[in-house]
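Tertiary structure, described
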Amino acid sequence: MILVTAATGNIGRELTRELDAVGADFRILVRDPARAAGLPERAERAVGDLGDPATLAPAFDGVDKLFLLTQGTGTDHATAAIDAARAAGVRHIVLLSSAHVLLDPVPAMARWHHQREEAVRAGGIPATFLRPGAFMTNTLDWLPTIRKEGFVLDPTGPGRFAPIDPADIAAVAALALTEDGHQDKGYTLTGDELFTVAEQVRIIAETIGRDIEVREAATPAEVVRSRFPHGAPQALADALTEGFTRMRADTVGLRTDTVRQLLGRRPRTFADWCARNAEALGRPGTD
């Protein structure tokens, strides 16, 4: 039995579809069953909360593999899941981490991922670490200014990166959960197209049939203020500012062929992701 955490998120939803397609036995951990209404009916539902360890034992009962994705800036949720996994006899954890844990020094935004990896290692359960770079879904953060004023505030200028479709991350996760040979390995996952923000915006504009202006931010902090008008926690604001600064300086970009090697196909393209998400991006006539 596979237990999937964060099953209603961008990666989790795709992972449940992948597991359903191959006939795997799996269970999803949800706080609110109503949010799982669109997930495969065949999946078992377990109500629990990683923030409340006392709720986890029933969800982990009979589980031998765990997909672990926790968000935010702490490690408490990951630690609770690892403790529950050990108590239940889980034999393999697939952890969603970050490519940035491999940088030296590790940037602030990746320190929490690094700490979660260390917690998994300390727990003694064999693991696979999935380390994606930028997600294609990160572009959804631009929607408020696109819809209201028709522009994107660009914090990274000439910086280049190879965003990955969460569906490809999910496909790799499903492979690691259902096939042998992936324990004690780490996979750095990217798309195979390198972009600047302006180049991504151009593809979005073509998809939705609307002109979108790219405005270069004066400082990374300006972008943080734009995304969190009511203020972000200082640790998060500092981490984002550092991340944008690093991305701006990286005019080469990280690109791997790991997805191709594991799945036997090219990663999905950004244009394809935009086409599949045209309604969310706001293309007229897609309602």
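A brief structural summary. (Residues numbered from 1 in each chain as written. Predicted model: local features only at pLDDT ≥ 70, side-chain atom pairs only at ≥ 80, totals over all residues. Heavy atoms only, no water.)

An order of S3-S2-S1-S4-S5-S6-S8 is seen for the seven strands of this open sheet, with the pairing classed as parallel. Each end of this open sheet is capped by a strand with a single partner; those strands are strand S3 (44-47) and strand S8 (185-189). The average angle at which neighbouring strand axes cross in this sheet is 20°, direction not considered. Contacts between helix H1 (residues 10-21) and the sheet are confined to strand S1 (2-4), strand S2 (26-30), strand S4 (65-68) and strand S5 (92-96), with S2 contributing the most and set at about 160° to the helix. (Pairing = 2+ DSSP bridges. Helix = DSSP H or I, 4+ residues; strand = E, 2+ residues; numbered from the N terminus. Axes fitted to C-alpha atoms, helices over the stretch in contact; angles between N-to-C directions. Contact = heavy atoms within 4.5 Å.)

Orientation of H1 relative to helix H6 (residues 166-178), taken along the N-to-C sense of each, is 50°, at an axis distance of 8 Å. Taken together, the axis directions place H1 and H6 in an arrangement best described as oblique. For the crossing formed where H1 meets H6, the hand is right-handed. Of the residues in H6, those in contact with Asn10, Ile11, Glu14, Leu15, Glu18 and Leu19 of H1 are Pro166, Ala167, Ile169, Ala170, Ala171, Ala173, Ala174, Leu177 and Thr178. Looking at the contact of H1 with H6 residue by residue, the class counts come to 11 nonpolar, two polar and two charged. (Parallel < 35°, antiparallel > 145°, perpendicular 65-115°, else oblique. Left-handed = near helix turned anticlockwise from the far one by under 90°. Nonpolar A, V, L, I, M, F, W, Y, C, P; charged D, E, K, R; others polar.)

By the secondary structure assignment, glutamate 199 is in helix H7 (residues 197-208). On the basis of relative accessibility, which here comes to 23%, the residue glutamate 199 falls in the partly exposed class. Between the C-alpha atoms of glutamate 199 and arginine 160, which are 39 residues apart in sequence, the distance is 9.6 Å. Filtering out sequence-adjacent residues up to four positions away, glutamate 199 remains in contact with Arg160 and Leu194. At 2.9 Å, the side chain of glutamate 199 forms a polar contact with the side chain of arginine 160. Separated by 2.9 Å, the side chain of glutamate 199 and the backbone nitrogen of threonine 196 make a polar contact. (Buried < 20%, exposed > 50% of the residue type's maximum accessible area, 1.4 Å probe, protein only. Polar contact = N/O pair within 3.5 Å; in protein donor to acceptor, adjacent residues only side chain to side chain.)

With respect to the element layout, arginine 27 can be found in strand S2. Taking the relative accessible area as the measure of exposure, arginine 27 reaches 10% and is therefore buried. At 2.9 Å, the side chain of arginine 27 and the side chain of glutamate 44 are in polar contact. Here alanine 59 takes part through its backbone oxygen, which lies 2.6 Å from a polar atom of the side chain of arginine 27.

Our focus in this paragraph is the nonpolar core. Soluble globular proteins tend to bury their nonpolar side chains together. Residues Val4, Leu15, Leu19, Ile28, Phe67, Leu130 and Leu189 are the most contacted members of the largest nonpolar core, which totals 29 residues. Put simply, the parts of the chain that give this core at least two residues each are S1, H1, S2, S5, H6 and S8. Examining the composition of this core, we find that seven residues originate from one element, H6, more than from any other. Here phenylalanine 67 is in contact with Leu3, Val4, Thr5, Ile11, Leu15, Val94, Leu96, Ala173 and Leu177, once residues within four sequence places are set aside. Membership of the second largest hydrophobic core comes to 23 residues, among which are Leu50, Leu56, Ala59 and Leu68. (Core = buried A, V, L, I, M, F, W, Y, C linked by side-chain atoms within 4.5 Å.)

Time to look at helix H3 (residues 76-88). With 13 residues, H3 extends 18 Å from end C-alpha to end C-alpha; this agrees with the ideal 18 Å at 1.5 Å per step. Listed in full, the buried residues belonging to H3 are Ala78, Ala80, Ala81, Ile82, Ala84 and Ala85. (Expected span 1.5 Å × (residues − 1).)

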